[in-house]
Amino acid sequence: MRRHPQNPILTRQHIVSRHPALQDISSVFNPGGIMHDGEFLLLLRVQNRARETLFLTATSDNGVYFKVAEEPIPILHLERCPYTIYHIYDARISRAWLGSGYHILAAMDTDKGCFLGYFFTEDFAALEFKGIASQPDVRNGVLLAGTPYRFERPNKYRMADGVKTGARIVCSESEDFLNWRHVADVFDGRPHFWDELIGSGPPPLLCPEGWLHIYHGVATHFGSANIYQVGISLQDTDKPWLALARGRYNILEPRKLYELTGQVPNVVFPTAAIPLSDAAVLDYDTEIYIYYGAADTSIGLAITTVKELLTHAFA
Ligand code: BMA
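Just so it is clear, the model here is predicted, and its values are computed rather than measured.

**Considerations on the site of the ligand**
- Near the ligand you find Asn30, Arg45, Asp90, Arg139, Tyr228, Val264, Phe269 and Asp296, and these make up its full shell.
- A distance of 2.8 Å separates an oxygen atom of the ligand from a polar atom in the side chain of Asn30.
- The separation between an oxygen atom of the ligand and a polar side-chain atom of Tyr228 is 3.2 Å.
- Compared with its free state, where it exposes 300 Å², the ligand has 86% of that area covered by protein.
- Among the residues making up the shell around the ligand, the classes are represented as 3 nonpolar, 1 polar and 4 charged.

**Observations concerning the sheet that holds strand β5 (residues 67-68)**
- On the basis of which strands lie adjacent, the open sheet formed by 4 strands has the order β2-β3-β4-β5 and antiparallel pairing. A strand with exactly one partner marks an edge of an open sheet, and here the two such strands are β2 (27-36) and β5.
- Sheet topology places strand β3 (residues 39-47) next to strand β4 (residues 53-60); 8 bridges connect them, and they run antiparallel. Looking at the pairing, Leu43 lines up with Thr57 of β4.

**Comments concerning the packing of aromatic side chains**
- In this structure the tally under the stated criterion is 11 aromatic pairs.
- Consider the rings of Tyr118 and Phe177, whose centres lie 5.1 Å apart with planes at 20 degrees: the pair is stacked. You can see Tyr118 sitting in strand β9 (residues 113-121) and its partner Phe177 sitting in the loop between β15 (168-173) and β16 (181-188), a full 59 residues away along the chain.
- Owing to a relative accessible area of 17%, Phe177 belongs among the buried residues under this scheme.
- Measuring from centroid to centroid gives 5.2 Å for Phe119 and Phe129, while their planes differ by 50 degrees, and the two rings are tilted.

**Comments concerning the environment of Glu259**
- Among the secondary structure elements, Glu259 is positioned in helix α1 (residues 257-260).
- Remark: the alpha-carbon pair of Glu259 and Tyr228, spanning 31 residues in sequence, is separated by 9.7 Å.
- Once residues lying within four places of it in the same chain are set aside, the contact partners of Glu259 are Arg3, Glu253, Pro254, Pro265, Asn266, Val267, Val268, Tyr292, Ala294 and Ala295.

The rules behind each value
- For every chain, the first residue of its written sequence is number 1, and the numbers climb from 1 along that sequence.
- The predicted nature of this model means local features are confined to residues of pLDDT at least 70 and side-chain atom pairs, given and counted, to a pLDDT of 80 or more, with totals for whole chains, interfaces and linings taken over all residues.
- Values reported for side chains reflect all heavy atoms of the structure, with hydrogen atoms and water molecules removed beforehand.
- We define proximity as follows: a residue is near a molecule or strand when any one of its heavy atoms falls within 4 Å of that partner.
- Within 3.5 Å is the distance limit for a polar contact, defined as a pair of N or O atoms, with the added protein rule that one can donate a hydrogen and the other accept it, and that residues adjacent in sequence qualify only through two side-chain atoms.
- Each accessible area value is a Shrake-Rupley result obtained with a 1.4 Å probe; residue values ignore everything except the protein chains displayed when judging cover.
- Just so you know the grouping, Ala, Val, Leu, Ile, Met, Phe, Trp, Tyr, Cys and Pro go in nonpolar, Asp, Glu, Lys and Arg go in charged, and all remaining residues, Gly too, go in polar.
- Whether two strands pair comes down to DSSP finding at least two bridges between them.
- Note on conventions: DSSP H or I runs of at least 4 residues are helices, E runs of at least 2 residues are strands, and numbering of each starts at the N terminus.
- Whether two aromatic rings pair depends on their centres lying within 6.5 Å, for rings of Phe, Tyr and Trp, where Trp uses its six-membered ring; planes under 30 degrees apart make the pair stacked, over 60 edge-to-face, and the rest tilted.
- Burial classification: accessible surface area is computed with a 1.4 Å probe over protein chains only, and a residue below 20% of its type maximum counts as buried, one above 50% as exposed, and the rest as partly exposed.
- Any pair of residues with heavy atoms lying within 4.5 Å of one another is described as a contacting pair.

Pasting the structure below:
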């Protein structure tokens, strides 16, 4: 993947607002992203100095220079959540395939654990919270557009610092986006290599060979620091839990200063992949803009094509 020369394309300097909770913010990272009304739209995860997370929308006509909203996006009906909510973050956005609007899955830290929350919006004026949409201790939920399936990542594993994470991506299915049943395991982390712990990145994209599934992998065997990287697998079109290919090498790793240092050093964490095409099945030359959190501090853009991702899945 090629980093954009303007990287990091969004930093704390871009958040200018009169809102009291958005003064001198600390970080902006791990955005959801989609093409909306002919513009690139990112749903930014913004953290203030209370370490509270708020969502702000940002729009762009070229995918590089973004205009950031001045007010946080309202989240309606959070009273539907039976638990005390601490943070909502790492949103993944999918265009609705029946009707209009957008489906959003995001992690929700609560007093009863971390869940996936399901949100819907017609136009990003507000997000409507529909309900808790997972078992406890699940993150990284991504919908496979046009199918009843999603990938998710149960947090079965506790790291030395106490953070719960996971080494297996699983596929589940649902009719209503709220109640999900396990279908099959997708794949596991590879101990000792780049992707020991894993989780899906952006919602997978369909190409002629199957689903291009960008995921993050964490190498935990370095002692001093975990390294978050990006990789690619190709999943079967009809049975997406089947991996047809899985790259041996990561396709993006922390190398630039803004990826190596920050709130959480050594992190590239992809959450949005926006193809420059509306086709339901992307052709080989389609360019894909991948937005990723860099060191939990700013946002980077890396550009690739369907053909390049496929090549790396088989490498
Ligand atoms: C994961 C999530 C992400 C974060 C990453 C690196 O477990 O919390 O939001 O970017 O760790 O800190």
